[in-house]
Structures are given as C-alpha cells and as structure tokens.
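Examination of the molecular architecture
Listed below are the residues making up each chain.
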Amino acid sequence: MNEYLPIAVDIVAITILVFGIYFPRHRRTDMALAYMTVNIGVLAVADTLAASAVAAGLGLGLFGVLSIIRLRSEELTQREVAYYFAALAIGLIAGLADVSPKQIGLIALILIVIAIVDSRHLYPVRRRSMVLDRAIADEGELRDYVASFCSGRIVDVSIEEIDFVKDSTTVRVQIKEGSAHQSVGVVA
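Residues numbered from 1 in each chain as written. Predicted model: local features only at pLDDT ≥ 70, side-chain atom pairs only at ≥ 80, totals over all residues. Heavy atoms only, no water.

Observations concerning the pattern of salt bridges
Inspection of the entire model under this criterion finds six salt bridges. Residue Arg 79 is joined to Asp 118 by a salt bridge in which the shortest nitrogen-to-oxygen separation is 2.5 Å. Of this pair, Arg 79 sits in helix H4 (residues 78-96) while Asp 118 is found in the loop between helix H5 (101-117) and strand E1 (125-132), placing the two residues 39 residues apart along the sequence. On the basis of relative accessibility, which here comes to 32%, the residue Arg 79 falls in the partly exposed class. Owing to a relative accessible area of 6%, Asp 118 belongs among the buried residues under this scheme. (Salt bridge = Lys/Arg side-chain N within 4 Å of Asp/Glu carboxyl O. Helix = DSSP H or I, 4+ residues; strand = E, 2+ residues; numbered from the N terminus. Buried < 20%, exposed > 50% of the residue type's maximum accessible area, 1.4 Å probe, protein only.)

Okay, structure coming up:
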C-alpha cells in the first residue's frame, strides 16, 4: 500500500497544478493535457528507474533531451515553460524518492510558488498577442487602434510583424487589467 503513496501524492499535486492553478487562469486545454501527460510519464519512468538496476542518470538524461526537443517543437511562452517544468519536477520528486515529509514539502513549495508568482493580484499586467486586420506602422495610430479592443490600460505595444500584402499587423500587447481605457500611453 505504501508503494502507491508517491503516485497518489503526484496525482493530487498535478491535479492542483493543472486544474486548480493553470487552467482557471489560462484556459488552454492543450497545455493542460500536455502538463498532465508529461507529469504522469515522468512519474512512471522515474519510478521504474528508481526500482531497477539501470542508472538513474541515463534515464534523467534521456528525459532532459526529450524535454528540450518538446520545448523547441512549439513556441511556448515563458509562463508555459514554467508550468511545464513544474509538472516535470513534481513527477521526478514523486517518482525517484520514497515520499517523505520533505518530498511532500518540496512538491507543495512548487505549487505555492507558482500559484503566487502567476497571480493576477501580484502582477496585474497581462500580455496578449493580437493579429490586427490592418497594416499599421505608425505607433500612435497602432496604440489607439489596439486600445479600442482592450478593456484595460495599454502598458506597451510591440510590433511583431507587419504584412502590407495581407493588410495585417501582429502585435504583443501588455495590458494592466482593471483600469479600463484610462490611458493609452506607456506606464512609467
């Protein structure tokens, strides 16, 4: 019975991470699936390696290589990378060690840190990527146009791509939430 405790701790922790913290804030089902799957996969391999004669370093190195390949295969935000590594770390901690109060504390620490640092209360400025239906090169005109679509104060607008042929502009927008249309200028 005690051999299943690490699995139970991992399932509770990854469920809290994905469905208690990540999904309510970001609503991306594809990333929720990725975090759950990578966590359970890492747990299974780490648990198997911990119980076998195969060197754990070989298995961890293999997962490091696979993780880098996965992270390079799609453009992920730094926030998504943080959740990705939290899911990996939780799986490794639960899979490689007997669950002790220290391991449970480390898993809880990961959950607490990510819950606080990714809090809208701590950082009310959010980034959004937008594709506009006009090619706009003038920064003032661009800010005004983007502000007409946003419900918060525009902190910054960065042009990622202007396509004059398709008449579109891709921008990265930082918005301070909860201060609707107070200013279109950059916050100092």
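Now, onward.
Remarks on the packing of helix H1 (residues 5-26) against H5
Axis separation between H1 and H5 bottoms out at 11 Å; the angle between their running directions is 0 degrees. One finds that H1 runs roughly parallel with respect to H5. Residue-level contacts link Val 9, Ala 13, Ile 16, Leu 17, Ile 21 and Arg 25 of H1 to Ile 104, Ile 107, Leu 111, Ile 114 and Ala 115 of H5. (Axes fitted to C-alpha atoms, helices over the stretch in contact; angles between N-to-C directions. Parallel < 35°, antiparallel > 145°, perpendicular 65-115°, else oblique. Contact = heavy atoms within 4.5 Å.)

Describing the nonpolar core
Leu 17, Tyr 35, Tyr 83 and Ile 107 are the most contacted members of the largest nonpolar core, which has 28 residues in total. Those elements giving two or more residues to this core turn out to be H1, helix H2 (29-51), H4 and H5. The dominant element in this core, judged by the number of residues it contributes, is H4, at nine residues. Residue contacts for Tyr 83: discarding those within four places in its chain leaves Leu 17, Ile 21, Tyr 22, Arg 25, His 26, Tyr 35, Ile 114 and Asp 118. If you look at the next biggest cluster of nonpolar residues, it comprises 13 residues, including Tyr 145, Val 146, Ala 147 and Ile 154. (Core = buried A, V, L, I, M, F, W, Y, C linked by side-chain atoms within 4.5 Å.)

Some thoughts on the packing of aromatic side chains
In this structure the tally under the stated criterion is six aromatic pairs. Judged by centre distance (5.0 Å) and plane angle (90 degrees), the rings of Tyr 22 and Tyr 35 are edge-to-face. Here Tyr 35 lies in helix H2 and Tyr 22 lies in helix H1, a separation of 13 residues in the sequence. Here Tyr 35 falls in the buried class, since its relative accessible area comes to 0%. Through pairs of rings, three or more aromatic residues link up here, namely Tyr 22, Tyr 35, Tyr 83, Tyr 84 and Phe 85. The residue whose ring lies beneath Arg 134 is Tyr 145, and the NZ or CZ to ring-centre distance is 4.6 Å. (Phe/Tyr/Trp six-rings, centres within 6.5 Å; stacked < 30°, edge-to-face > 60°. Lys NZ or Arg CZ within 6 Å of the ring centre and 35° of its normal.)

Some remarks on the environment of Ile 175
Within the secondary structure layout, Ile 175 lies in strand E3 (residues 168-176). Residues Ile 175 and Arg 128, spaced 47 residues apart in sequence, show a C-alpha to C-alpha distance of 7.7 Å.

A look at helix H6 (residues 139-147)
Those residues of H6 not exposed but buried are Leu 142, Arg 143, Tyr 145, Val 146 and Ala 147. Against E1, strand E2 (153-163) and E3 lie the buried residues of H6. With a side-chain oxygen positioned 3.3 Å from the backbone nitrogen of Gly 140, the residue opening H6 is Asp 138. (Polar contact = N/O pair within 3.5 Å; in protein donor to acceptor, adjacent residues only side chain to side chain.)

Notes on the pairing of E2
Here nine bridges tie E2 to E3, and the two strands are oriented antiparallel to one another. Of the residues in E3, the one forming a bridge with Ile 154 is Ile 175. Two successive antiparallel strands, E2 and E3, enclose a turn made up of four residues, where Asp 167 displays a positive phi of approximately 55 degrees. (Pairing = 2+ DSSP bridges.)

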